[in-house]
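# Coordinates in review
One letter stands for each residue in the lines below.
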Amino acid sequence: MMTTLAGRKSGVSAQVWVWLPPQYGDPKYAKSGFPVLTLFAGGQSNGYNTWTDNQLPVQEIDAQLVQEQKARPFIMIMPVQNLTGDEHRSLDCSDIPGRPKMGTWLSQDVPDFVRANFRTLKGADSWGLMGASSGADCSAKLALQHPDVYRAAVPIDGDFKADSLLWKGHEAEQAANGPDKLIATGKADVRMLATAGGGTSYEVNLVKDWVARALPPTTVEYYEQPGGRHKTVDFEKLIPMGLEWLTKNLTGPQSDS
């Protein structure tokens, strides 16, 4: 399903895709809340969604893994991340001063929408994030900034920077929204699995350095994909691992009275 969500708190109106697992309509789960997985695409993610256009078939993979009892049936939420396709005007999943409040829309309006319309669980222990490339940066940033909403995240091949040109003149706010800075604060009780493509030495070194800077209670596991490149075809290969890892680190479906 897809809708345009007009955020009450942010004032942002943008697209959100929603996928419900087959179990959601099963009478056996009629009184159960489901875990929620928010997915972020790479690039600008403006008006498109690589998680539903057969580039990253996460829904099909999850359905198969559920049958094999290797993953949970997740409600999947896929919001756009930007309001323009201009990469230099990225909103970095943040509230950049003077710009649309994309950070508020993603961290408050989107979860509020999901809770109001679908059977979810109340605590952060059933809410996770996963994203690839620039989507990895969003998933890491939102987990680190909002541990009250999200418990676990899988950032796939991120560079963990808030580097939009729109931050010019707002360096303090830029630093406060950069995953490269947030990881070292030791303020977020969240768990993450960070991946890097082993075929790109620059990416390996960058991700390893980011992982090494994590301070308790934040914990970050590292996985290096043998020969992996920064390409969608390699991101797809990491989906089963990501879903299985999130299954181990999130709860649900279950009754939540």
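These notes cover the structure that comes with them. (Residues numbered from 1 in each chain as written. Predicted model: local features only at pLDDT ≥ 70, side-chain atom pairs only at ≥ 80, totals over all residues. Heavy atoms only, no water.)

Our next topic: the state of the cysteines. By the definition in use, this model includes 1 disulfide. Two residues, C93 and C138, share a disulfide whose sulfurs are 1.9 Å apart. Since a negative S-S torsion denotes a left-handed disulfide, the C93-C138 link at about 80° is right-handed. Here C93, found in the loop between strand 5 (75-79) and helix 2 (102-117), pairs with C138, found in helix 3 (residues 134-145); they are 45 residues apart in sequence, far enough to count as distant. The exposure class assigned to C93 is buried, which follows from its relative accessible area of 1%. (Disulfide = S-S within 2.5 Å. Helix = DSSP H or I, 4+ residues; strand = E, 2+ residues; numbered from the N terminus. Buried < 20%, exposed > 50% of the residue type's maximum accessible area, 1.4 Å probe, protein only.)

Turning to the packing of aromatic side chains, a few remarks are in order. Taken as a whole, this structure holds 4 aromatic pairs when the rule is applied. Centre to centre, the rings of Y24 and F34 are 5.3 Å apart; their planes meet at 45°, and the pair counts as tilted. Of this pair, Y24 sits in the loop between strand 2 (13-19) and strand 3 (32-33) while F34 is found in the loop between strand 3 and strand 4 (36-40), placing the two residues 10 residues apart along the sequence. The residues Y24 and F34 share a single accessibility class, namely buried. Aromatic side chains Y29 and F34 sit 5.7 Å apart centroid to centroid with 45° between the ring planes, which places their arrangement in the tilted category. Pair check on accessibility: Y29 and F34 agree, each one buried. Taken together, the ring pairs in this structure connect Y24, Y29 and F34 into an aromatic cluster. The residue whose ring lies beneath R115 is W127, and the NZ or CZ to ring-centre distance is 4.9 Å. (Phe/Tyr/Trp six-rings, centres within 6.5 Å; stacked < 30°, edge-to-face > 60°. Lys NZ or Arg CZ within 6 Å of the ring centre and 35° of its normal.)

As far as function goes, none of this settles anything; it's purely spatial.
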